[in-house]
Amino acid sequence: MIFKYSSAGGLSILTTQQQIINATGEIAIDLDVGMVLKGILYVMDDGDCDCVLAVIPTNGQVKEFITEDQITDATGEDGADLEGGIAADNRGNLYLGDNEDDQPNIVLVKNAKTSIFVSDTEIENFYSDLGIDFAPEYNGSMAVEGVKEKVAQIPTLSEWGLIAMALALGVIGFVVIRKRAVKA
């Protein structure tokens, strides 16, 4: 089950076990981590489904959003084991931590289509290049932070602004020179 807590109404059931079974067709449910992105709750089911569920927070409707087949198509593994968490970036892409047979992969979900983001080979090579000899696994959570690029706006003058500035400086210079000439 997925519960919903509101300060006004307390704790209530958002999505029942039967709704999840109806959506996935699987009886063994193991809901791990979830997150809300653009008003949709995405929850990883690490039971027999090994899929990502999409839940509407206002009414609890649930559907299978990403299937195990989509994940295995991206990773090339025999199955999926969604133990590595779920994260998102500022463009609305999801990242899934898959740990099938202790082969950690990060799967990118973009427009409801999956692709490999970081492969188990890349992860192992990263640690190997550091001289660390161990088999990495995903058993927890991850966070991907989207950073908005900030471009500093530098004020500039147009061509006419430059001409006006040059004229103003010329007039000021003429007045200063004129005053000094009068005093001398």
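Residues numbered from 1 in each chain as written. Predicted model: local features only at pLDDT ≥ 70, side-chain atom pairs only at ≥ 80, totals over all residues. Heavy atoms only, no water.

Caption draft 1: Fine view of the pairing of strand β4 (residues 40-45). Most of β4 is tucked away: five of the six residues are buried. Relative to β4, strand β3 (residues 31-37) is paired through five bridges, and the arrangement is antiparallel. By the bridge assignment, M35 is partnered in β4 with Y42. Turn length for the β3-β4 hairpin, with the two strands adjacent in sequence and antiparallel, is two residues, and the turn residue K38 shows positive phi of about 55°. Bridging between β4 and strand β5 (residues 51-55) involves five bridges; their strand directions are antiparallel. Counted as the bridge partner of Y42 is A54 from β5. The antiparallel hairpin formed by β4 and β5 contains five residues in its connecting segment, where D50 sits at a positive phi of about 45°. (Buried < 20%, exposed > 50% of the residue type's maximum accessible area, 1.4 Å probe, protein only. Helix = DSSP H or I, 4+ residues; strand = E, 2+ residues; numbered from the N terminus. Pairing = 2+ DSSP bridges.)

Caption draft 2: Summary view of the environment of I2. Counting through the fold element by element, I2 comes out in strand β1 (residues 2-6). Along the chain, I2 and V43 lie 41 residues apart, while their C-alpha atoms are 9.4 Å from each other. The contact partners of I2, leaving out residues within four places of it in the chain, are S12, I13, L14, T15, I20, L31, L41, V43 and V55. (Contact = heavy atoms within 4.5 Å.)

Caption draft 3: Here's a closer look at the packing of aromatic side chains. Summed over all chains, the structure comprises two aromatic pairs. When the centroid spacing of 4.8 Å and the interplanar angle of 65° are considered together, the rings of Y95 and F117 count as edge-to-face. Placement of the pair is Y95 in strand β8 (residues 94-98) and F117 in strand β10 (residues 113-118), with a sequence separation of 22 residues. We classify Y95 as buried; its relative accessible area is 4%. (Phe/Tyr/Trp six-rings, centres within 6.5 Å; stacked < 30°, edge-to-face > 60°.)

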